[in-house]
Amino acid sequence: METRPNPYTTQAPAEDVWVGYAVARFGNATFYDVLTSLLSDVDLDGLSEAIDEFGLEMVAEQALRALVDRGKLHADEAAASAEEDRILDADADASPTVHAVTVADLADEFTRLGLTSSASSCG
């Protein structure tokens, strides 16, 4: 996942993405499980470097956009609800749950993972 801002991604898109929606197939997935799954293929060292260079919020915004662009998160509640319905149609035993993931959630997770320097997390 590309999380490093560049000249093409450092400006806000026409429509800001502040929330993405994850659909967990089974209702027993916690929010932490969802975040862990979303970030499983992220280069943490590269993410830490990007945070040092561009700031936590900008990198969290870029990460959220990238997760939506890659289809790991839905851009709106309607799309997440449609996915929830699709899962139920395919498997009556499933109990899908929609989790809203915000830029702040990603920033908090990056901080929890120790990806921020003390200087960038205190400002």
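Being a predicted model, the structure only gives us computed values, none of them experimental.

Caption draft 1: Up close: the nonpolar core. L47, I51, L73, V101, L106 and F110 are the most contacted members of the largest nonpolar core, which has 24 residues in total. When residues in this core are grouped by element, the largest group, 7 residues, is from helix 3 (residues 56-69). The residues contacting F110, other than those within four sequence positions of it, are L39, L47, I51, L56, V59, A60, A63, L115 and T116. One finds Y21, V23, A80 and A94 within the second-largest nonpolar core, a separate group that totals 5 residues.

Caption draft 2: The confidence of the model for the chain, seen in detail. Taken residue by residue, the chain gives an average pLDDT of 85. The fraction at 70 or more is 81%. This model gives residues 1-14 a pLDDT under 50, and the stretch forms 29 contacts once residues within four places in sequence are excluded. The low-confidence segment residues 119-123, where pLDDT is below 50, has 3 contacts with residues more than four positions distant or belonging to other chains.

Rules behind the numbers
Residues numbered from 1 in each chain as written. Predicted model: local features only at pLDDT ≥ 70, side-chain atom pairs only at ≥ 80, totals over all residues. Heavy atoms only, no water. Core = buried A, V, L, I, M, F, W, Y, C linked by side-chain atoms within 4.5 Å. Buried < 20%, exposed > 50% of the residue type's maximum accessible area, 1.4 Å probe, protein only. Helix = DSSP H or I, 4+ residues; strand = E, 2+ residues; numbered from the N terminus. Contact = heavy atoms within 4.5 Å. pLDDT = per-residue confidence, 0-100.

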